[in-house]
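Working through the structure, step by step
What follows is each chain in one-letter form.
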Amino acid sequence: MPVRIASSLIASSFSVLAIAFSGMASAEPAVGAEHPLAFMFGEWVGEASGVSQTGPYAITQTERVGPILEGDAVVIEGRGYSEAGETMFNAFAVVSKTASNGGWEMRSYAQGRAGTFPFELTESGYVWSVPAGPNARMIYTAHFDGDVWQQTGQYTPEEGEPRQTFQMNLTRTSSTEWPAGDPVSPNRAE
């Protein structure tokens, strides 16, 4: 008799958990214009140019930006294309709030490198920077004006004048459901 009661309690517990989880899955809130980074969401296309270690370059730049995990993180993918349509540059980043101070951080992946860097919101966009040698930083400053995204990168040594090494001018071409839209369903037989 005690085994039956225990089995019934376990079965009831699993039923309650299944109902709770199914309710949680269907109650996914939408992330909208109230998100602090909503000004970035969408698909962007434009031109980028700069100077690398191999010399000057000019590419067609695309970016797609969208929230995931109910807005806890924002995902960014950037691609640069040659005139022939060949991918010349590909970067991926995740921007999220930091638990320690309530600020923001960016985890960036590009050209075989990765790192986590401070990401500061400004009145019209953001600023983030990465180390660029023992005594210098690359500082990226972005400005948004509606559907226009302009960003510069400056090589900034501890001593001496900063010099611009990157510039991009993009236009938002559409909204996007990426990356949260159309997730893989457990009900797909494919």
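Residues numbered from 1 in each chain as written. Predicted model: local features only at pLDDT ≥ 70, side-chain atom pairs only at ≥ 80, totals over all residues. Heavy atoms only, no water.

Once that is clear, we can look at the overall build of the chain. The secondary structure content of the chain amounts to 1 helix and 10 strands. Sequence-distant contacts, at least 24 apart, represent 31% of the contacts inside the chain between residues at least 6 apart. Surface summary for the chain: the accessible area is close to 12,400 Å², and the carbon and sulfur share equals 55%. (Helix = DSSP H or I, 4+ residues; strand = E, 2+ residues; numbered from the N terminus. Contact = heavy atoms within 4.5 Å. Areas by Shrake-Rupley, 256 points an atom, 1.4 Å probe, with all protein chains shown as cover.)

Turning our attention to the packing of aromatic side chains. Evaluated as defined, the whole model comprises 10 aromatic pairs. A ring pair is formed by Phe92 and Tyr109, whose centres lie 6.3 Å apart and whose planes are at 45°; its orientation type is tilted. In this pair, Phe92 sits in strand 4 (residues 87–97) while Tyr109 sits in strand 5 (residues 104–110), placing the two residues 17 residues apart along the sequence. Note on Tyr109: relative accessible area 37%, which makes it partly exposed. Ring centres of Tyr126 and Phe144 lie 6.1 Å apart, and the angle between their planes is 45°; this geometry places the pair in the tilted category. Taken together, the residues span a long stretch of sequence, with Tyr126 in strand 7 (residues 125–131) and Phe144 in strand 8 (residues 136–145) at a distance of 18 residues. Exposure class is identical for Tyr126 and Phe144. Each is buried. (Phe/Tyr/Trp six-rings, centres within 6.5 Å; stacked < 30°, edge-to-face > 60°. Buried < 20%, exposed > 50% of the residue type's maximum accessible area, 1.4 Å probe, protein only.)

The next subject is the sheet that holds strand 9 (residues 148–157). Read around the closed barrel, the 10 strands follow the order 1-2-3-4-5-6-7-8-9-10; overall the barrel is antiparallel. With direction set aside, neighbouring strand axes in the sheet form an average angle of 25°. With 3 bridges connecting them, strand 6 (residues 113–121) and strand 7 associate as antiparallel partners. Pairing of Phe119 across the sheet is with Trp128, part of strand 7. (Pairing = 2+ DSSP bridges. Axes fitted to C-alpha atoms, helices over the stretch in contact; angles between N-to-C directions.)

Okay, the side chain of Thr165 next. Its location among the elements puts Thr165 in strand 10 (residues 163–174). Since its relative accessible area comes to 15%, Thr165 is described here as buried.

Quick look at the environment of Leu69 now. Mapped onto the secondary structure, Leu69 falls in the loop between strand 2 (55–68) and strand 3 (73–81). We classify Leu69 as exposed; its relative accessible area is 59%. Residues Leu69 and Ala180, spaced 111 residues apart in sequence, show a C-alpha to C-alpha distance of 7.6 Å.

A few words now on the pattern of salt bridges. Scanning the entire structure with this criterion turns up 3 salt bridges. The residue Arg172 makes a salt bridge to Asp147 at a minimum N-O spacing of 2.7 Å. Note that Arg172 is positioned in strand 10 and Asp147 in the loop between strand 8 and strand 9, a separation of 25 residues in sequence. If you follow the salt bridges from partner to partner, you end up with Arg64, Glu77 and Arg79 in one network. (Salt bridge = Lys/Arg side-chain N within 4 Å of Asp/Glu carboxyl O.)

This brings us to the pairing of strand 3. Looking along a regular strand, one sees side chains alternate from face to face of the sheet. For strand 3, the tally of buried residues reaches 7 of 9 residues, placing the bulk of the element in the interior. Between the antiparallel neighbours strand 2 and strand 3 lie 4 residues, among them Leu69 with a positive phi of about 55°. Pairing between strand 3 and strand 4: 9 bridges, direction antiparallel. Its bridge partner lying in strand 4, Ala73 is registered against Ser96. If you look at the hairpin formed by strand 3 and strand 4, you'll find 5 residues sitting between the two strands, and Gly85 has a positive phi there, around 90°.

That is the geometry; function is a separate question.
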